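Residues per chain are reported as follows:
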Amino acid sequence: MLGGVVVIDSCKPKKMADKPISKSESSFDNYFIDAVTHFNNSNFETALKLFNKCIEINPSEASTYYYISKINFNDAAFSEIGLQYASKAYNLAPNNPEFAMWYSRNLKIFNNLDKAIEVLENSLKSNPKDDLLINELDALYAKKSLSDKRIILWKGAMIANGFKIKYAEKLAFLYKNNNDFAAAHTIYEQIQNAAPRKFQYLVDDGNLYLLEGNSKKAFEKF
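The present account deals with the structure reproduced in this document. (Residues numbered from 1 in each chain as written. Predicted model: local features only at pLDDT ≥ 70, side-chain atom pairs only at ≥ 80, totals over all residues. Heavy atoms only, no water.)

**So, the overall build of the chain**
Then, number 1: Broken down by element type, the chain carries 13 helices and zero strands.
Then, number 2: In sequence order, the secondary structure elements of the chain are arranged as α-α-α-α-α-α-α-α-α-α-α-α-α.
Then, number 3: Scored against the burial criterion, the 222 residues of the chain give a buried share of 40%.
Then, number 4: Considering only contacts within the chain whose residues lie at least 6 apart along the sequence, 46% involve residues at least 24 apart. (Helix = DSSP H or I, 4+ residues; strand = E, 2+ residues; numbered from the N terminus. Buried < 20%, exposed > 50% of the residue type's maximum accessible area, 1.4 Å probe, protein only. Contact = heavy atoms within 4.5 Å.)

**Let's talk about the packing of helix H9 (residues 147-161) against helix H10 (residues 165-177)**
Then, number 1: Following both chains from N to C, one finds H9 and H10 inclined at 155°, their axes separated by 9 Å at the closest point. With respect to H10, the element H9 is oriented roughly antiparallel. Here the hand of the crossing between H9 and H10 comes out left-handed. For the pair formed by H9 and H10, the contact residues are Arg150, Ile151, Trp154, Lys155, Ala157, Met158 and Asn161 on the first element and Tyr167, Ala168, Lys170, Leu171, Phe173, Leu174 and Tyr175 on the second.
Then, number 2: Grouping the constituent residues of the contact of H9 with H10 by class yields 10 nonpolar, one polar and three charged. (Axes fitted to C-alpha atoms, helices over the stretch in contact; angles between N-to-C directions. Parallel < 35°, antiparallel > 145°, perpendicular 65-115°, else oblique. Left-handed = near helix turned anticlockwise from the far one by under 90°. Nonpolar A, V, L, I, M, F, W, Y, C, P; charged D, E, K, R; others polar.)

**Overview of the packing of helix H5 (residues 79-92) against helix H6 (residues 97-109)**
Then, number 1: Running from N to C, H5 and H6 cross one another at 150°; their axes reach a closest spacing of 9 Å. Of the possible angle classes, the one that applies to H5 and H6 is roughly antiparallel. For the pair H5 and H6, the crossing hand works out as left-handed. Of the residues in H6, those in contact with Leu83, Ala86, Ser87, Ala89 and Tyr90 of H5 are Phe99, Ala100, Trp102, Tyr103, Asn106 and Leu107.
Then, number 2: Each residue belonging to the contact of H5 with H6 can be placed in one class, and the counts come to nine nonpolar, two polar and no charged.

Nothing here speaks to function; it is geometry throughout.
Written as structure tokens, this is what we have:
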């Protein structure tokens, strides 16, 4: 079976509780649920027919194109068509991080890294707390050696989600690689304040001082 399946309710626009469900909406839901069931059971040919029926009823529903894209990527011969459907799903619902990540991953397959980054950056504006999205964008930045953008990304993650050691570790690593030792020490101090019993971070900070040639500060940490 293809990659993770989006929960139906998260893909589809929420219906207003006090709004009557139209006949077309009801028909769409029936076809869509049936299509997803066949998709989950790897009955892709039947699923594709049902998803195409969904498009006839409601051509503006992004989830349908997302699933059709996944079906096409199941066969390498149809990957370009899959990319087109991934683009359609993303453009219809650019704030949906799952659609953005799916489109970006497949742009990466076609070596269009700049577009893949652009898609994730746009999605991050609406989903600044999404760790999976942050990690995927960081991986693309790393692939293109964009260390400054990686630093901005993880600082943004810390602003959005609050201080987390995993974010701080990323920043300390990036500052160290950029030879910004002062910034790296500041991060290690923040980690030490947040986790005073985690002695490894004292050692890491001490090793960083040794790397700078500051033995006195290193042994203070040790």
